[in-house]
Amino acid sequence: MSTHFRKLALIGIGLIGSSIALAARRQGLVDVISISTRRQETLDEARELGLGDIYTFDAAEAVRGADLVILCAPVGAYDALAKVIAPALEPGAIVSDVGSVKEHVVKVVGPHLPDNVHFIPGHPIAGTEHSGPSAGFPELFAGRWCVLTPGPEVPAAETEKLASFWAAMGSKVESMDAAHHDMVLAITSHIPHLVAYNIVGTVADLETATQSEVIKFSASGFRDFTRIAASDPVMWRDVFLTNRDAVLEMLGRFSEDLSVLQRAVRTGDGEALEAMFTRTRAIRRSIINAGQETAAPDFGRPHEAPPVPETNIVREHGGGDDA
């Protein structure tokens, strides 16, 4: 099946959008790339980087004539964007997105779209701790999962074409129900982010002297939490507001398990603690065996490399590697 598109419209051009532009161009998957964003500096940056062929503030203009449209903005903006682009969509076009929640996307985007386009929500589970057009790179999706959640009305051939597009950029692709996606991502991504925000927030509330010592003596556990907690606040605000039910369900389970651990610590129940830690170690091994992580010591961190100076870290995140 052909993975080629005449015109790709990217609505939003952060880490994910710019990586799509670079990967699609490298693989020869599109003829023309149209980019729309609402901020002048972002559009100028995309233009300077040569990410597209057409640059505009008008999302409707961007999608006109496009046979593939991908929403790459925060999911909180989807409702308004769908209303704007709907009248300008090309009949037969595939409309997708990259948001990390899917039921909400189905509810706020689907009703606005004409019947003659194919709506296939998507979620590339990839990211780094940086954001913005300059953060993108074409290898971002290599070996990472992309989940598609097409409705029953979407022809299988259209889903296969979009799946082939993502596969050509290096992704492993799987289709699933939108509600199931949101429940899975609630525990694999959303709750870990919520926990990281909370732990790092606790440190932020400590007395100045204690806080400075925590930062100075940060071990890998807390350090890794700070990476996750550096996530784009607008994007993650939208995630928790739009995946509320699944997050609360999984947060309830997490709280129950935390209470069990709390009781084991309080009562000195070493057997219960060891049993829990043995179970969780097995999960870690399963992730390594599935090719989702490395078995190298310290997660394969390149210890020979010098630390990156703090002054070089100019951006916060585009979603985290598990967003």
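Quick caveat, the model's predicted, so the values are computed rather than measured.

**Student:** How should I be thinking about the overall build of the chain in this particular structure?
**Tutor:** What the chain contains, in helices and strands, is 12 helices and nine strands. In the chain, which comprises 323 residues, the share counted as buried stands at 42%. Element-wise, carbon and sulfur atoms account for 56% of the exposed surface of the chain, whose accessible area totals about 16700 Å².

**Student:** Quick question: what am I supposed to make of the sheet that holds strand β9 (residues 172-175) here?
**Tutor:** One open sheet holds the three strands; their spatial order is β7-β8-β9, and the pairing between them is mixed. With partners counted over all chains shown, the strands left at the sheet margins are β7 (122-124) and β9, one partner each. Pairwise comparison of adjacent strand axes, ignoring direction, gives a mean angle of 15° for this sheet. Bridging between β7 and strand β8 (residues 145-148) involves three bridges; their strand directions are antiparallel. When the bridges of β8 are listed, glycine 122 appears paired with leucine 148. Where helix α6 (residues 156-168) meets the sheet, its contacts fall on β7, β8 and β9, and the angle it forms with β8 comes to roughly 165°.

**Student:** Just to check I follow, could you spell out helix α12 (residues 270-289) for this structure?
**Tutor:** An α-helix turns once per 3.6 residues; consequently, residues spaced three or four apart project the same way. The end-to-end C-alpha distance of α12 is 29 Å, a good match for the 28 Å that 20 residues give at a rise of 1.5 Å each. Glycine 291 occupies a position one or two residues after α12 and carries a positive phi of about 80°.

**Student:** Would you mind showing me how to read the packing of helix α7 (residues 178-204) against helix α11 (residues 244-267) here?
**Tutor:** Any two packed helices are characterised by how steeply their axes cross, that is the angle between the axes, and by the distance between the axes. Where α7 contacts α11, the axes come no closer than 9 Å and their chain directions differ by 65°. Relative to α11, the element α7 lies roughly perpendicular. For α7 against α11, the interelement crossing comes out right-handed. Here α7 contributes Asp182, Met183, Ala186, Ile187, His190, Ile191, Leu194 and Val195 to the contact with α11, which in turn contributes Ala246, Val247, Glu249, Met250, Leu251 and Phe254.

**Student:** Mind showing me how you'd approach the environment of isoleucine 13 here?
**Tutor:** Considering the arrangement of structural elements, one finds isoleucine 13 in the loop between β1 (5-11) and α1 (15-26). Given a relative accessible area of 3%, isoleucine 13 falls into the buried group.

**Student:** Explanation requested: the pairing of β1 in the structure shown.
**Tutor:** Most of β1 is tucked away, with six of its seven residues classed as buried. Both β1 and strand β2 (residues 30-36) contribute to a ladder of six bridges, which runs parallel. Across the sheet, the residue bridging to isoleucine 11 is serine 36, located in β2. Between the parallel elements β1 and β2, the chain passes through α1 in a crossover that is right-handed.

**Student:** Would you take a moment to explain the pattern of salt bridges for this structure?
**Tutor:** The final tally for this structure, using the stated rule, is nine salt bridges. With its nearest N and O atoms 2.9 Å apart, the salt bridge here joins aspartate 53 to arginine 25. Here aspartate 53, found in the loop between α2 (40-49) and β3 (54-56), pairs with arginine 25, found in helix α1; they are 28 residues apart in sequence, far enough to count as distant. Notably, a salt bridge pairs lysine 102 with aspartate 97, separated by 3.0 Å at the nearest N-O pair. Given the relative accessible area of 0%, lysine 102 is considered buried.

**Student:** Could you clarify how one ought to interpret the packing of α11 against α12 in this entry?
**Tutor:** As a packed pair, α11 and α12 sit with axes 8 Å apart at the nearest point and diverge in direction by 140°. On the basis of their axis angle, the class for α11 and α12 is oblique. Seen from α11, the contacting residues are Leu261, Ala264 and Val265; seen from α12, they are Ala272, Leu273, Met276 and Phe277. Here the contact of α11 with α12 is built from residues that sort into seven nonpolar, no polar and no charged.

**Student:** Looking at this structure, I do not really get α6. What am I missing?
**Tutor:** Counted at 1.5 Å a residue, the expected span for α6 with its 13 residues is 18 Å, and the 18 Å between its end C-alpha atoms agrees. Along α6, the positions that sit buried rather than exposed are Thr159, Leu162, Ala163, Phe165 and Trp166. Down the axis of α6, the sector holding all buried residues measures 155°, keeping them to one side. Phi for glycine 170, located one or two positions after α6, is positive at around 105°.

**Student:** Explain the pairing of β9 to me, please; I cannot follow it from the model alone.
**Tutor:** Side-chain positions along a regular strand alternate between the two faces of the sheet. Where β8 meets β9, four bridges bridge the pair, whose relative direction is parallel. Pairing of tryptophan 145 across the sheet is with lysine 172, part of β9. A crossover links β8 with its parallel partner β9, the connecting element being α6, and its sense is right-handed.

**Student:** Sorry if this is basic, but what is going on with the sheet that holds β1 here?
**Tutor:** Strand pairing within a sheet occurs via backbone hydrogen bonds; the two strands may be parallel or antiparallel. One open sheet accounts for six strands, arranged β3-β2-β1-β4-β5-β6; its pairing is parallel. Looking along the sheet, the strands with just one partner apiece sit at the ends: β3 and β6 (118-119). Where strand β4 (residues 68-71) and strand β5 (residues 94-97) come together, four bridges link them in parallel fashion. What sits directly across from leucine 68, in β5, is isoleucine 94. Sheet strands touched by α1: β1, β2 and β4. Its angle to β1, the strand with the most contacts, is close to 165°.

Calculation notes
- Residues numbered from 1 in each chain as written.
- Predicted model: local features only at pLDDT ≥ 70, side-chain atom pairs only at ≥ 80, totals over all residues.
- Heavy atoms only, no water.
- Helix = DSSP H or I, 4+ residues; strand = E, 2+ residues; numbered from the N terminus.
- Buried < 20%, exposed > 50% of the residue type's maximum accessible area, 1.4 Å probe, protein only.
- Areas by Shrake-Rupley, 256 points an atom, 1.4 Å probe, with all protein chains shown as cover.
- Pairing = 2+ DSSP bridges.
- Axes fitted to C-alpha atoms, helices over the stretch in contact; angles between N-to-C directions.
- Contact = heavy atoms within 4.5 Å.
- Expected span 1.5 Å × (residues − 1).
- Parallel < 35°, antiparallel > 145°, perpendicular 65-115°, else oblique.
- Left-handed = near helix turned anticlockwise from the far one by under 90°.
- Right-handed = clockwise from strand over helix to strand, strands pointing away.
- Salt bridge = Lys/Arg side-chain N within 4 Å of Asp/Glu carboxyl O.
- Nonpolar A, V, L, I, M, F, W, Y, C, P; charged D, E, K, R; others polar.
- Arc of directions from axis to C-beta.

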